[in-house]
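Each chain, written out:
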Amino acid sequence: GTHAASSTTYKTNGLYSRFTASVGKTEVPVDGLIQFKIMGDDKVLYESKLIGVQSDPEPITVNISGVQKLTLVVTDGGDDIHYDHAVWIEPMLWK
């Protein structure tokens, strides 16, 4: 898990074909919106809808063939960072 705003970058060196995960928000007493992004070599490869505490986890599969640098980003969804607790559920890199 993480808190918005955050980003984590991994060197993938073009070794993987896809990234899979589910994305969601941990339950907190007050709703706040978050958005997930996946960047490959500084280009947006995936952008989630706005996710709130009542949202179901969103499964994702992203083609990352040839990507040298993979960045996982969580933004505040445009409503500030309060209660923006995000989770990357079972993130996996596939060859």
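Read across the sheet, four strands follow the order 2-7-4-5 without closing on themselves; strand pairing throughout is antiparallel. The outermost strands of the open sheet, each flanked by one partner alone, are strand 2 (6–11) and strand 5 (43–47). With strand direction ignored, the average angle separating the axes of adjacent strands in the sheet is 20 degrees. In terms of strand pairing, strand 2 meets strand 7 (residues 69–75) through six bridges, oriented antiparallel.

Let us look at the environment of Trp88. By secondary structure assignment, the location of Trp88 is in strand 8 (residues 85–94). Judged by relative accessible area, Trp88 falls into the buried class, the value being 16%. Residues within four places of Trp88 in sequence aside, it is in contact with Thr2, Phe19, Ser22, Val23, Phe36, Lys37, Ile38, Ile60, Leu72, Val73 and Val74.

This next bit is on the side chain of Gln35. Positionally, Gln35 belongs in strand 4 (residues 35–40). Polar side-chain contacts of Gln35 include one of 2.6 Å to the backbone oxygen of Ser48. Setting aside anything within four residues of it in sequence, one finds Gln35 in contact with Glu47, Ser48, Lys49, Leu50, Val73, Val74, Thr75 and Gly77.

Here the structure, examined in full by the defined rule, presents two salt bridges. In this structure, Glu47 and Lys37 form a salt bridge, with 3.4 Å as the shortest nitrogen-oxygen distance. With Glu47 in strand 5 and Lys37 in strand 4, the pair connects residues that are ten residues apart, well separated along the chain. Using a relative accessible area of 45% as the deciding quantity, one classes Glu47 as partly exposed. Put simply, Asp42 and Lys69 hold a salt bridge, and the shortest N to O gap is 3.2 Å. Of this pair, Asp42 sits in the loop between strand 4 and strand 5 while Lys69 is found in strand 7, placing the two residues 27 residues apart along the sequence. Given a relative accessible area of 30%, Lys69 falls into the partly exposed group.

Rules used throughout
Residues numbered from 1 in each chain as written. Predicted model: local features only at pLDDT ≥ 70, side-chain atom pairs only at ≥ 80, totals over all residues. Heavy atoms only, no water. Pairing = 2+ DSSP bridges. Helix = DSSP H or I, 4+ residues; strand = E, 2+ residues; numbered from the N terminus. Axes fitted to C-alpha atoms, helices over the stretch in contact; angles between N-to-C directions. Buried < 20%, exposed > 50% of the residue type's maximum accessible area, 1.4 Å probe, protein only. Contact = heavy atoms within 4.5 Å. Polar contact = N/O pair within 3.5 Å; in protein donor to acceptor, adjacent residues only side chain to side chain. Salt bridge = Lys/Arg side-chain N within 4 Å of Asp/Glu carboxyl O.

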